[in-house]
Amino acid sequence: MKTTFSYPKWEEIPNIDLYLDQVLLYVNQVCAPISLDKDKGLTASMVNNYVKHAHIPKPIKKKYNRVQIARLIVLTTLKPVFPIPDIIKTIQLLVDGKDSATLYNEFVNCMREEKTDTVAPAIEAACQTVKLFHQTKKLALALEGGKTNESNA
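Read on for an overview of the structure.

Conventions adopted
- Residues numbered from 1 in each chain as written.
- Predicted model: local features only at pLDDT ≥ 70, side-chain atom pairs only at ≥ 80, totals over all residues.
- Heavy atoms only, no water.
- Phe/Tyr/Trp six-rings, centres within 6.5 Å; stacked < 30°, edge-to-face > 60°.
- Helix = DSSP H or I, 4+ residues; strand = E, 2+ residues; numbered from the N terminus.
- Buried < 20%, exposed > 50% of the residue type's maximum accessible area, 1.4 Å probe, protein only.
- Salt bridge = Lys/Arg side-chain N within 4 Å of Asp/Glu carboxyl O.

What follows deals with the packing of aromatic side chains. Counting across every chain of the model gives three aromatic pairs. Arranged with centres 5.7 Å apart and planes meeting at 50°, the rings of Tyr7 and Phe107 form a pair that is tilted. With Tyr7 in the segment before strand E1 (18-19) and Phe107 in helix H5 (residues 100-112), this residue pair connects regions lying 100 residues apart in the sequence. For the residue pair Tyr7 and Phe107, the accessibility class agrees, reading buried in each case. The structure contains a cluster of three or more aromatic residues connected by ring pairs, namely Tyr7, Trp10, Tyr104 and Phe107.

Following this line, the structure appears as structure tokens:
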């Protein structure tokens, strides 16, 4: 079973600064295909907490740039599987070695299952874990649906 993920590459993320409501709409549209049924997606309070705890840089004049948007996409994707502090710690370690654009594109390539020469092992492991998590959820829902059908028979 293959789970498909279609994220924008770095160059496809809006290169204009966006207000919070625009960021929420954009990130939730990008992450909608992988959102769990009961997941409300990224919310304003989540973003405010990420800023408050310095998980993403503070917006400038209430506007968010490409770096912040990319980080929010990654956080939204990984948070159902990993604790936020672990995600942030890993991002910080990775950013020390490469720029945000390169790291984000490695993440996207890995999630899209596009072959590349270099992907940080932490990114590859995280992507595989997220994919397996979503495959397991789909299988569990299918089993649950089968039991419901059996009980109705």
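Within this structure, the stated rule accounts for five salt bridges. The partner of Glu106 in a salt bridge is Lys98, and the shortest N-O contact between them spans 2.5 Å. Residue Glu106 is classed as buried on the basis of its relative accessible area, which comes to 4%. According to the relative accessible area criterion, Lys98 is partly exposed, its value standing at 32%. Glu113 serves as the salt-bridge partner of Lys131, at 3.5 Å between the closest nitrogen and oxygen. You can see Lys131 sitting in helix H6 (residues 121-152) and its partner Glu113 sitting in the loop between H5 and H6, a full 18 residues away along the chain. Owing to a relative accessible area of 10%, Lys131 belongs among the buried residues under this scheme. Among the charged side chains, a salt-bridge network with shared partners connects Lys9, Glu12, Arg112 and Glu114.

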